[in-house]
Amino acid sequence: MVSDFVSANYGYLHTPDGSRKNHDGYFDNEDLKKQIIKAMEIHGRSVVGTDGKTIKEMKQMHPGKLLDGSMQSFYFSDSHKSAGQFKGMAVILQEHGIPVDELKLKAQCGKGGFKCWFTTLPTGSNPCCCWKALYDQPDFIAQKSIIQELIEAHGHGMTIYAKFHCECNFIEQIWGYAKQVYHEFPESSTEAEPERNVLAALESVPLISIRRFANCSLRFMDAYRKGLNGSQAAWANKKYHGHRVLPESLMADLEV
Ligand SMILES: [Zn+2]
C-alpha cells in the first residue's frame, strides 16, 4: 500500500527541512491501526477477551437526531432492562416514527448485500427494508465521515473526487505516469525491489507534470460545470490546454 500527500502546486509534501521519510511515511501501519480502533469505537462494541472479560470498553456512537430536533441515543437508557445495549435498527427506526412491525420490514432486501441504497423511493411510499429506511433518515444523510470531521475540526475543507472520473482527479494521472515508469524497470529479483521501484517511480514524476495534470483536471471539471459532455470536454481540454479554466468564448467555439 502506498499513501502520500500531494499538492497541485508543490508536488509531494515534504517536512520544512526538505526531508521526507518515504511515500508511506504519512500513513503507515500505526495510523491504520489507530483508524481501525476508532472504527471499532464507533461501532460501539466492547472488546472481550477469550476468558469473556472485557478488555476494553469502547465508546458509544454519537447520538442521532430525531425529526423534532431532539437527540436520539442508540443505546437503551439506564432504566431499561437492556441498559447500555445497542437498540438495533428496528427500535431506532420506530423512534423515528417508522412502524417497522406494521410494515413488516425486513432487515435488508434480498441476498447479496445492500443494493437498494441508491434507489429513490417515490414520495410518500414505504421503505423497502430497514437498511434503506435508516439510510434515508436526515440525520443519517447528514452524518460526516470521521476523516471529514477531523479535517474540518482543524479548519480545513474536504472535497471528494467523483468516482469513475479519473480525468477530474490529477492524482490518478500521477499514478498513471508512475505506473508507466514502474513497468520500464527490469523484473524484480528480490522482495525489497518492487517497493524500491514503486517509490522510485512515484518520485520520478516531475513537478511540472504534476502541475499539468492538476490543470488538466481543473479544465475537465470546468467543462462539466459549463454543461459539456465527455467528448466535448475532452475536445475543449485539448484546445485550451494552457488554461486552468475554459474561456467564456467556449460555447461560441463549440457552435462553430
Ligand atoms: Zn431495501
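Residues numbered from 1 in each chain as written. Predicted model: local features only at pLDDT ≥ 70, side-chain atom pairs only at ≥ 80, totals over all residues. Heavy atoms only, no water.

Novice: So, the overall build of the protein chain: which residues are in play, and what are the values?
Specialist: Looking only at helices and strands, the protein chain has ten helices and six strands in total. When contacts within the protein chain are restricted to residue pairs at least 6 apart in sequence, long-range pairs at least 24 apart make up 37% of them. Only carbon and sulfur atoms are counted for the fraction: they give 58% of the accessible area of the protein chain, which is about 18,000 Å². (Helix = DSSP H or I, 4+ residues; strand = E, 2+ residues; numbered from the N terminus. Contact = heavy atoms within 4.5 Å. Areas by Shrake-Rupley, 256 points an atom, 1.4 Å probe, with all protein chains shown as cover.)

Novice: So what about the nonpolar core? Which residues, and what values?
Specialist: Core analysis: the largest hydrophobic core is formed by eleven residues, namely Tyr12, Phe170, Ile174, Ala178, Val181, Ala201, Leu202, Val205, Ile210, Phe213 and Ala214. Looking at this core, the elements that each hand over two or more residues are α6 (170-184), α7 (192-203) and α8 (207-225). If sequence neighbours within four positions are ignored, Phe213 has contacts with Phe170, Gln173, Ile174, Tyr177 and Val205. (Core = buried A, V, L, I, M, F, W, Y, C linked by side-chain atoms within 4.5 Å. Buried < 20%, exposed > 50% of the residue type's maximum accessible area, 1.4 Å probe, protein only.)

Novice: Tell me about the packing of aromatic side chains, and please be specific about residues and values.
Specialist: Under the criterion given, the structure shown has six aromatic pairs. Where Tyr182 meets Phe185, the ring centres are 6.4 Å apart and the plane angle is 90 degrees; that geometry is what we call edge-to-face. An angle of 40 degrees between the planes, with centres 6.2 Å apart, marks the rings of Phe220 and Tyr224 as tilted. You can see Phe220 and its partner Tyr224 sitting in helix α8, four residues apart, about one turn around the helix. (Phe/Tyr/Trp six-rings, centres within 6.5 Å; stacked < 30°, edge-to-face > 60°.)

Novice: Let's hear about the pattern of salt bridges: which residues, and what values?
Specialist: Any two side chains of opposite charge can pair if their charged atoms end up close together. On inspection of all chains with the given rule, the structure shows four salt bridges. Asp136 serves as the salt-bridge partner of Lys132, at 3.3 Å between the closest nitrogen and oxygen. The exposure class assigned to Asp136 is partly exposed, which follows from its relative accessible area of 33%. (Salt bridge = Lys/Arg side-chain N within 4 Å of Asp/Glu carboxyl O.)

Novice: Tell me what's going on with the coordination of the zinc ion, and back it up with residues and numbers.
Specialist: Those protein atoms acting as donors to the zinc ion are Cys109 (SG), Cys116 (SG), Cys128 (SG) and Cys129 (SG), and they sit at 2.2 to 2.4 Å. What the four donor atoms of the zinc ion show is an angle range of 101 to 121 degrees at the metal, which sorts the shape as tetrahedral. For the zinc ion, all donor residues lie on one chain, and their spacing in sequence is C-x6-C-x11-C-C. Of this pair, Cys109 sits in the loop between α2 (89-95) and α3 (130-135) while Cys128 sits in the loop between α2 and α3, placing them 19 residues apart in sequence. Cys128 gets classed as partly exposed once you look at its relative accessible area, which sits at 29%. (Donors = N, O, S within 2.8 Å, 3.2 Å for Na, K, Ca; no water. Tetrahedral: all angles 85-135°; square planar, octahedral: opposite > 155°, others 65-115°.)

Novice: Can you tell me about the confidence of the model for the protein chain, naming the residues and giving the values?
Specialist: Across the protein chain, the average pLDDT comes to 80, with 79% of residues at or above 70. Looking over the protein chain, one finds the lowest element-wise mean pLDDT in helix α1 (residues 29-43), namely 48, and the highest in α6, namely 95. Predicted confidence for residues 35-44 stays below pLDDT 50, and this span has 16 contacts to residues more than four positions away or in other chains. (pLDDT = per-residue confidence, 0-100.)

Novice: Give a description of α8 that names residues and reports values.
Specialist: With 19 residues, α8 should reach 27 Å at 1.5 Å per residue; the first-to-last C-alpha distance of 27 Å fits that figure. When α8 is considered as a whole, its buried residues turn out to be Ser209, Ile210, Phe213, Ala214, Asn215, Cys216, Ser217, Arg219, Phe220, Asp222 and Ala223. Where α8 is buried, its residues meet β1 (6-7), β2 (11-12), α6 and α9 (230-239). Among the residues trailing α8, Gly227 stands out with phi positive, at a value near 95 degrees. (Expected span 1.5 Å × (residues − 1).)

Novice: Tell me about the environment of Phe76, residues and numbers included.
Specialist: Position of Phe76 relative to the elements: it lies in the loop between β6 (71-72) and α2. Between the C-alpha atom of Phe76 and that of Gly88, which follows or precedes it by twelve residues, the distance is 9.8 Å.

Novice: Can you tell me about a nonpolar patch on the surface, naming the residues and giving the values?
Specialist: Together, Trp117, Phe118, Tyr135 and Phe140 make up an exposed nonpolar region whose accessible area comes to about 420 Å². Among the secondary structure elements, Phe140 is positioned in helix α4 (residues 138-142). Here Phe140 falls in the partly exposed class, since its relative accessible area comes to 40%. (Patch = residues over 30% accessible without salt bridge, like charges linked within 9 Å, V, L, I, M, F, W, Y side chains within 5 Å.)

Novice: Summarise the packing of α6 against α7; cite the residues concerned and give the values.
Specialist: Geometry of a packed helix pair, given as the angle between the helix axes and the separation of the axes. It is the contact of α6 with α7, at a shortest axis distance of 8 Å, that shows an interaxial angle of 130 degrees. Of the possible angle classes, the one that applies to α6 and α7 is oblique. Judged by the sense of rotation from one axis to the other, the crossing of α6 with α7 is right-handed. Residue-level inspection shows Trp175, Ala178, Val181 and Tyr182 of α6 in contact with α7, the latter providing Pro194, Asn197, Val198, Ala201 and Leu202. (Axes fitted to C-alpha atoms, helices over the stretch in contact; angles between N-to-C directions. Parallel < 35°, antiparallel > 145°, perpendicular 65-115°, else oblique. Left-handed = near helix turned anticlockwise from the far one by under 90°.)

Novice: Quick one: what's the story with the packing of α8 against α9, residue by residue and with numbers?
Specialist: Direction vectors running N to C along α8 and α9 enclose 135 degrees, while the axes themselves pass 9 Å from each other. As judged from the angle between their axes, α8 and α9 are oblique. For the pair α8 and α9, the sense of crossing is right-handed. For the pair α8 and α9, contact is made by Cys216, Arg219, Phe220, Ala223 and Tyr224 and by Gly230, Ala233, Ala234 and Asn237, respectively. In the contact of α8 with α9, the residues fall into six nonpolar, two polar and one charged. (Nonpolar A, V, L, I, M, F, W, Y, C, P; charged D, E, K, R; others polar.)

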